[in-house]
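Observations on the model geometry
Listed below are the residues making up each chain.
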Amino acid sequence: VDQRPGEVMFVPSGWWHQVMNLDAALSVNHNWLNGANILATWRFLSDERDQVVRDGGAELASDECTAQDILEFRTGHSFETFYAFVCATLVSE
């Protein structure tokens, strides 16, 4: 898609996409987490955590703190930050 100045693009939740800016650009976006996809997000984090452990081998299987640090680096959330985010969202609503 060749997006022109003033045009807006909506990318639905879960759609993989890649962006290449050919000129200076402003991106206003938000990665949504809501009631419609919270379970999918949890499954994604759980699967990613399992992949982290598989990638790290036996040493990482017994080091959950490091596994969570790597998970957060890869996805932006550890189990703890995901839980805190969900709790803060529930309190604010």
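Everything here concerns the structure above.
Reading guide: rules and limits
Residues numbered from 1 in each chain as written. Predicted model: local features only at pLDDT ≥ 70, side-chain atom pairs only at ≥ 80, totals over all residues. Heavy atoms only, no water. Helix = DSSP H or I, 4+ residues; strand = E, 2+ residues; numbered from the N terminus. Rg over C-alpha atoms; globule rule 2.2 N^0.38 Å. Buried < 20%, exposed > 50% of the residue type's maximum accessible area, 1.4 Å probe, protein only. Contact = heavy atoms within 4.5 Å. Lys, Arg positive; Asp, Glu negative; His and termini not counted. Charge placed at Lys NZ, Arg CZ, Asp CG, Glu CD. Patch = residues over 30% accessible without salt bridge, like charges linked within 9 Å, V, L, I, M, F, W, Y side chains within 5 Å. Areas by Shrake-Rupley, 256 points an atom, 1.4 Å probe, with all protein chains shown as cover. Salt bridge = Lys/Arg side-chain N within 4 Å of Asp/Glu carboxyl O. Phe/Tyr/Trp six-rings, centres within 6.5 Å; stacked < 30°, edge-to-face > 60°.

1. Some points on the overall build of the protein chain
Assigned secondary structure in the protein chain consists of three helices and zero strands. Written out in order from the N terminus, the α and β elements of the protein chain read α-α-α. Against the 2.2 N^0.38 benchmark of 12 Å for 93 residues, the protein chain shows a C-alpha radius of gyration of 17 Å, more extended than a compact globule. Considered along the principal axes of its C-alpha atoms, the protein chain spans approximately 50 × 35 × 20 Å. Looking at the protein chain residue by residue over its 93 residues, the buried ones come to 14%. When contacts within the protein chain are restricted to residue pairs at least 6 apart in sequence, those whose partners lie at least 24 apart make up 37%. Distance between charge centroids for the protein chain: 7 Å, based on 5 positive and 14 negative side chains.

2. A look at a negative patch on the surface
On the surface, Asp 63, Asp 69, Glu 72 and Glu 80 cluster together into a negatively charged patch. Topologically, Glu 80 is positioned in helix H3 (residues 79-92). Given the relative accessible area of 64%, Glu 80 is considered exposed.

3. Focus: the packing of aromatic side chains
In total, this model carries two aromatic pairs according to the counting rule given. When the ring of Trp 42 is compared with that of Phe 79, the centres are 4.7 Å apart and the planes differ by 45°; the resulting orientation is tilted. Pair noted here: Trp 42 is in helix H1 (residues 38-61) and Phe 79 is in helix H3, with a separation of 37 residues, a long-range link. In this structure Trp 42 comes out as partly exposed when scored by relative accessible area, which is 36%. Ring pairs connect the aromatic residues Trp 42, Phe 79 and Phe 82, which therefore count as one cluster.

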